[in-house]
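Now for the letters of each chain:
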Amino acid sequence: MLTKIKLIVHSVFGKLNYLYFCCPNLYFFKMKKIQMVDLQGQYEKIKDKIKPAFDHVLDTAYYINGPEVKGFQQDLEKYLDVKHVIPCANGTDALQIAMMGLGLKPGDEVITVDFTFAATVEVIALLRLTPVLIDVEKDTFNMDIDALKKAITPKTKAIVPVHLFGQCANMEEILKVAKEHNLFIIEDNAQAIGADYTFRNGTKKKSGTMGNVGTTSFFPSKNLGCYGDGGAIFTNDDDLAHTIRGIVNHGMYKRYYHDVVGVNSRLDSLQAAVLQIKLPLLDSYCDARRNAANFYNDAFAKCDKIETPVTSDFSTHVFHQYTLKLKGIDRDALHKHLLDKGIPNAIYYPVPLHKQKAYQDSRYKEEDFKVTNELCKTVISLPMHTELDHEQQQFIVDAILEFCN
Ligand SMILES: *Cc1c(COP(=O)(O)O)cnc(C)c1O
């Protein structure tokens, strides 16, 4: 009994990291420290399942390609309603391997967006393909369809839509363009796993399963994160799945016979064990993020200097990031103001990819990147995770509104 009480006291006080040592306000005694992503808090709730699963892997010493990897692969195939999931080492590898699997060749043009994490364009360049960056829509931050149509040339071979911040790009239109020009689609689904897309005829599909191939990342802070690095590739194409299974394993289809140049890219058994436990929770994680987003949306509704995220009608939003657009507010000053109050926040992304030293190209014209250029100056992302509570959110909202008024 006494140990039980001790345990409770310990877990309550041990885990409350208090905000502000020096500021004796109401929150001093109550509020949990605000984090951009609260991985510890989420872990606490599933610890009882994770530890025995880890023990099992350690006891069997099946660290690589253990039964957890196959088990997770099958669970994810079922969840996504996709024929093949090929686990790999991270989301960047997943993109690279998908492009290798499609047989893209140096000089082939691959169209992707200017407003995304660099991994997307990095692998295109790494494979000596030609990246063609295009602008995004101002409301959803996803691929602009007119820009896509304009960017197509006889050398274009593939399109890489990024489902940015947790909602799907306009796949109906992208699929139409791809079909018309005979192009591959590789969906970068690192930020939107769990999102649902509804086509005009009512068909529903999971994000990442609509193009020829989809990729994702299980980096700890992603919506479905493991406790290290991890990634996966999805496809409904049997031949492509076979090709990719060889590529991730040194180009081997028969042991020690290397038919193609491959890579070594694996999800390990410990990470797969975590993901097997977390996958059944993914929908509830998405709901928690949506609830937090609704709280922010309601709170900022009255403020005309703040534009809250816009969700398109064909996709659900799983809020990998909750990103505001500021109008007539000094973004960098707000960033500092929040940090001073102990509120983490981030700029995703501060520099358009076409302006990055590694990806500059004399073909790009500034007027083709109006939206991205503007977004990089006006967006700010707020704390968003499955463990946010209303008290923390109210504190964040008050700090922002105080600055804006
Ligand atoms: C995180 C991310 C990746 C890369 O995933 P890693 O697992 O970190 O390699 C790729 N694309 C996008 C859009 C991402 O957000």
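Residues numbered from 1 in each chain as written. Predicted model: local features only at pLDDT ≥ 70, side-chain atom pairs only at ≥ 80, totals over all residues. Heavy atoms only, no water.

Novice: Can you help me understand the sheet that holds strand 12 (residues 306-307) in this one?
Specialist: Note: strands within a sheet are paired through backbone hydrogen bonds, in either parallel or antiparallel orientation. Strand order in the open sheet formed by three strands is 12-13-14, with antiparallel pairing between adjacent strands. The two strands at the open ends of the sheet, each matched to only one other strand, are strand 12 and strand 14 (379-382). Inspection of the sheet shows strand 12 paired to strand 13 (residues 322-326) by two bridges, in the antiparallel sense. Paired with Glu 307 across the bridge in strand 13 is Lys 325. (Pairing = 2+ DSSP bridges. Helix = DSSP H or I, 4+ residues; strand = E, 2+ residues; numbered from the N terminus.)

Novice: Help me understand the nonpolar core, please; the structure alone is not making it clear to me.
Specialist: Soluble globular proteins tend to bury their nonpolar side chains together. In this structure, Phe 72, Leu 76, Phe 115, Ile 174 and Phe 218 are the most contacted members of the largest nonpolar core, which totals 63 residues. A domain split of this core shows at least three residues from each of domain 2 (42-280) and domain 3 (281-404). With sequence-adjacent residues up to four places away left out, Phe 218 is seen in contact with Phe 72, Leu 76, Ile 193, Leu 224, Gly 225, Cys 226, Gly 228, Gly 230, Gly 231, Ala 232, Leu 267 and Leu 275. Counting residues in hydrophobic clusters, the runner-up holds 30 residues, among them Met 31, Ala 293, Leu 338 and Leu 401. (Core = buried A, V, L, I, M, F, W, Y, C linked by side-chain atoms within 4.5 Å. Buried < 20%, exposed > 50% of the residue type's maximum accessible area, 1.4 Å probe, protein only. Domains from an automatic or database assignment. Contact = heavy atoms within 4.5 Å.)

Novice: Got a minute to help me understand a nonpolar patch on the surface in this structure?
Specialist: A contiguous nonpolar surface patch, about 280 Å² in accessible area, is contributed by Leu 58, Tyr 63 and Ile 64. Relative to the helices and strands, Leu 58 resides in helix 2 (residues 39-60). (Patch = residues over 30% accessible without salt bridge, like charges linked within 9 Å, V, L, I, M, F, W, Y side chains within 5 Å. Areas by Shrake-Rupley, 256 points an atom, 1.4 Å probe, with all protein chains shown as cover. Salt bridge = Lys/Arg side-chain N within 4 Å of Asp/Glu carboxyl O.)

Novice: Any chance you could explain the side chain of Asn 373 here in plain terms?
Specialist: For Asn 373, the location among the structural elements is in helix 12 (residues 370-378). Ignoring sequence-local partners within four residues, the contact set of Asn 373 consists of Pro 352, His 354, Lys 355 and Glu 366.

Novice: Would you explain the sheet that holds strand 1 (residues 84-88) in this entry?
Specialist: Ordered in space as 1-9-8-5-4-2-3, the seven strands form an open sheet in which the pairing is mixed. In this open sheet, the two edge strands, each paired with only one partner strand, are strand 1 and strand 3 (130-134). Shown here is a sheet whose adjacent strand axes are inclined to one another by a mean of 25°, direction ignored. Relative to strand 9 (residues 231-235), strand 8 (residues 213-217) runs antiparallel, the two sharing four bridges. By the bridge assignment, Thr 216 is partnered in strand 9 with Ala 232. In this fold helix 7 (residues 171-181) packs onto strand 4 (156-160) and strand 5 (184-188), with an angle of close to 150° to the strand it touches most, strand 5. (Axes fitted to C-alpha atoms, helices over the stretch in contact; angles between N-to-C directions.)

Novice: What is the right way to look at the site of the ligand in this model?
Specialist: Taken together, 13 residues sit near the ligand, with Gly 91, Thr 92, Asp 188, Ser 217 and Lys 222 positioned nearest. A distance of 3.5 Å separates an oxygen atom of the ligand from a polar atom in the side chain of Asn 90. A distance of 2.9 Å separates an oxygen atom of the ligand from a polar atom in the side chain of Lys 222. Protein contacts shield 91% of the accessible area of the ligand, which totals 380 Å² for the unbound molecule. Of all the elements in the fold, those that place two or more residues in the shell around the ligand are helix 4 (91-101) and helix 5 (119-126). For the shell around the ligand, the class distribution of residues is four nonpolar, seven polar and two charged. (Near = heavy atom within 4 Å. Polar contact = N/O pair within 3.5 Å; in protein donor to acceptor, adjacent residues only side chain to side chain. Nonpolar A, V, L, I, M, F, W, Y, C, P; charged D, E, K, R; others polar.)

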